[in-house]
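Structural features, examined
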Amino acid sequence: QVQLVESGGGLVQPGGSLRLSCAASGSIISIYTMSWYRQAPGKQRDLVASVTSLGITNYADSVKGRFTISRANAGKTVSLQMNSLKPEDTAVYYCNTRALSSATPVRDYWGQGTQVTVSS
């Protein structure tokens, strides 16, 4: 199986910066995509940013130019650098990976979520 461990959430003022990190472990054969999603109270869970094993990145329009997703440790670690944070960025942020493990078909795995609060 695959486990995802997140870190870096917290409270920050508008215009500030925060860096989220996620590390994948377990019986991993291949990681195809690492992504960050977020979900605010009463709203659906939306994609924030993703990066594939080939290095292709994708960002939600609302975060382009402010957030940067990056990989390390042969794709098993993903970070989200968040700059110029706005109150509307407040949400629970979830790490996600689409991966193949030794015992299961390709599927999505989710981290536990980390709270990001942007307030003045």
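Here the residue numbering is sequential within each chain, running from 1 through the sequence in written order. Totals for whole chains, interfaces and linings use every residue, but because this is a predicted model, local features are given only for residues with pLDDT of at least 70 and side-chain atom pairs only at 80 or more, for both listing and counting. Computation of side-chain values: all heavy atoms of the structure, hydrogens and water removed.

**Details of the pattern of salt bridges**
- Only one rule defines a salt bridge in this text: a Lys or Arg side-chain nitrogen within 4 Å of an Asp or Glu carboxyl oxygen. If you walk through the whole model with that rule in mind, you get four salt bridges.
- Here Arg38 makes a salt bridge to Asp89, at a shortest N to O gap of 3.0 Å. With a gap of 51 residues between them, Arg38 in strand β4 (residues 28-39) and Asp89 in the loop between β8 (77-82) and β9 (91-101) connect regions that are remote in the sequence.
- A residue is classified by how much of its surface remains accessible, and Arg38, at 16% relative accessible area, is buried. Put simply, DSSP H or I for four residues or longer makes a helix, DSSP E for two residues or longer makes a strand, and each gets a number counted from the N terminus. Note on exposure labels: buried denotes an accessible area under 20% of the residue type's maximum, exposed denotes more than 50%, and partly exposed covers the range between, all computed with a 1.4 Å probe on protein chains only.

**Focus on the environment of Arg19**
- Among the secondary structure elements, Arg19 is positioned in strand β3 (residues 18-26).
- Under the relative-accessibility criterion, Arg19 is labelled partly exposed at 43%.
- Should any heavy atoms of two residues lie within 4.5 Å, those residues are counted as being in contact. Setting aside its immediate chain neighbours within four residues, Arg19 contacts Ser7, Gly8, Ser70, Ser79, Leu80 and Gln81.
- Polar contact is the term for a pair of N or O atoms within 3.5 Å; when the atoms are in protein, one must be able to donate a hydrogen and the other to accept it, and sequence-neighboring residues count only if both atoms are side-chain atoms. There is a polar contact of 3.2 Å between the side chain of Arg19 and the side chain of Gln81.

**So, the nonpolar core**
- Trp36, Leu80, Met82 and Tyr93 are the most contacted members of the largest nonpolar core, which has 29 residues in total.
- Listed by contribution, the elements that provide at least two residues to this core are β1 (2-7), β3, β4, β5 (46-52), β7 (67-72), β8, β9 and β11 (114-118).
- In this view, Leu80 contacts Leu18, Arg19, Leu20, Trp36, Val48, Ala49, Phe67, Thr68, Ile69 and Tyr93; residues no more than four positions away in its chain are not counted. We call a set of buried Ala, Val, Leu, Ile, Met, Phe, Trp, Tyr and Cys residues a nonpolar core when their side-chain atoms join them within 4.5 Å.

**What to know about the packing of aromatic side chains**
- A pair of Phe, Tyr and Trp rings is counted when the ring centres sit within 6.5 Å of each other, with Trp represented by its six-membered ring. The angle between the planes then sorts it: under 30 degrees is stacked, over 60 is edge-to-face, the rest tilted. Under the definition given, this model contains two aromatic pairs.
- Ring centres 6.5 Å apart and planes at 85° place the aromatic pair Tyr94 and Trp110 in the edge-to-face group. You can see Tyr94 sitting in strand β9 and its partner Trp110 sitting in strand β10 (residues 107-110), a full 16 residues away along the chain.
- An aromatic cluster is built from Tyr37, Tyr94 and Trp110, whose rings are joined through pairwise contacts.
- A cation over a ring is seen here: Arg45 above Trp110, with NZ or CZ 4.8 Å from the ring centre.
- By definition, being over a ring means that NZ of Lys or CZ of Arg is both within 6 Å of the ring centre and within 35 degrees of the ring normal. In this arrangement the basic side chain of Arg107 is found over the ring face of Tyr109, its NZ or CZ atom lying 4.1 Å from the centre.

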